[in-house]
Amino acid sequence: MPFLPPPPEPGAPPERVLLPFPPEVDFSNADGLLPLIMSQARPARGRRPRVVVLDLTATRFMDSQGVRLINDVRHLLRPGTSVYVVARPESVASRVLELTGLRRDVPVYDNLDEAMAA
């Protein structure tokens, strides 16, 4: 799944890790995405970034499996690492986050610049 960036170089953990999501997140790929995301967000030797930014700006379709995936990431990273989500305001992903109530639990930003600066 080539949407994830290459692993960071060894050394001090970055303050923020950006993880772009694929164009579709559903039952066919959500289970396979979790270990890929966690390998980037929770690198070897227990070093964790302060913030993990999940970028859904390229995600055109997402069902409840995407919400479950984001929740799983949140819970597996705790404590000490925050999760931010980026979703275009008029996108399907944004609407799913709103309908499921995940927006109450996770900061959702309209664009990547805002999320990376937060």
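Look a little higher up for the structure.
In this report, the structure presented in the accompanying data block is examined. (Residues numbered from 1 in each chain as written. Predicted model: local features only at pLDDT ≥ 70, side-chain atom pairs only at ≥ 80, totals over all residues. Heavy atoms only, no water.)

## Things to note about the nonpolar core
Then, in step 1: In this structure, Leu54, Leu56 and Ile70 are the most contacted members of the largest nonpolar core, which totals 28 residues.
Then, in step 2: Listing elements by their share of this core, those giving two or more residues are strand 1 (16–20), helix 1 (30–41), strand 3 (51–55), helix 2 (64–77), strand 5 (82–86) and helix 3 (92–100).
Then, in step 3: With six residues, the single largest contributor to this core is helix 1.
Then, in step 4: Residues contacting leucine 54, with those up to four places away along its chain left out, are Leu19, Phe21, Ile37, Ile70, Val73, Val83, Tyr84, Val85 and Val86.
Then, in step 5: The next biggest cluster of nonpolar side chains, apart from the first, holds six residues, and it includes Val53, Tyr84, Val86 and Tyr109. (Core = buried A, V, L, I, M, F, W, Y, C linked by side-chain atoms within 4.5 Å. Buried < 20%, exposed > 50% of the residue type's maximum accessible area, 1.4 Å probe, protein only. Helix = DSSP H or I, 4+ residues; strand = E, 2+ residues; numbered from the N terminus. Contact = heavy atoms within 4.5 Å.)

## Some thoughts on helix 3
Then, in step 1: Those residues of helix 3 that fall on the buried side of the exposure criterion are Ala93, Ser94, Val96 and Leu97. Down the axis of helix 3, the buried side of the element spans an arc of 160°, and every buried residue falls inside it.
Then, in step 2: Residues of helix 3 that are buried make contact with strand 4 (61–62), helix 2, strand 5 and strand 6 (108–109).
Then, in step 3: Two residues or fewer after helix 3 comes glycine 101, characterised by a positive phi angle close to 85°. (Arc of directions from axis to C-beta.)

## Overview of helix 2
Then, in step 1: With 14 residues, helix 2 ought to run about 20 Å at 1.5 Å a step, and its terminal C-alpha atoms sit 20 Å apart, in line with that.
Then, in step 2: Within helix 2, the full set of buried residues consists of Gly66, Val67, Leu69, Ile70, Val73, Arg74 and Leu77. Taken around the axis of helix 2, the buried residues stretch over an arc of 160°, which confines them to a single face.
Then, in step 3: Along its buried surface, helix 2 packs onto strand 2 (24–25), helix 1, strand 3, strand 4, strand 5 and helix 3.
Then, in step 4: By the N-cap criterion, in which a side-chain oxygen at the helix start approaches the backbone nitrogen of a residue two or three places on, helix 2 is capped by aspartate 63, the distance to glutamine 65 being 2.9 Å. (Expected span 1.5 Å × (residues − 1). Polar contact = N/O pair within 3.5 Å; in protein donor to acceptor, adjacent residues only side chain to side chain.)

## Observations concerning the environment of leucine 56
Then, in step 1: With respect to the helices, strands and loops of the structure, leucine 56 is situated in the loop between strand 3 and strand 4.
Then, in step 2: The spatial distance from the C-alpha of leucine 56 to the C-alpha of arginine 88 is 7.7 Å, given a sequence separation of 32 residues.
Then, in step 3: Among residues more than four places away in sequence, those in contact with leucine 56 are Phe21, Met62, Ile70, Val85, Val86, Ala87 and Ala93.

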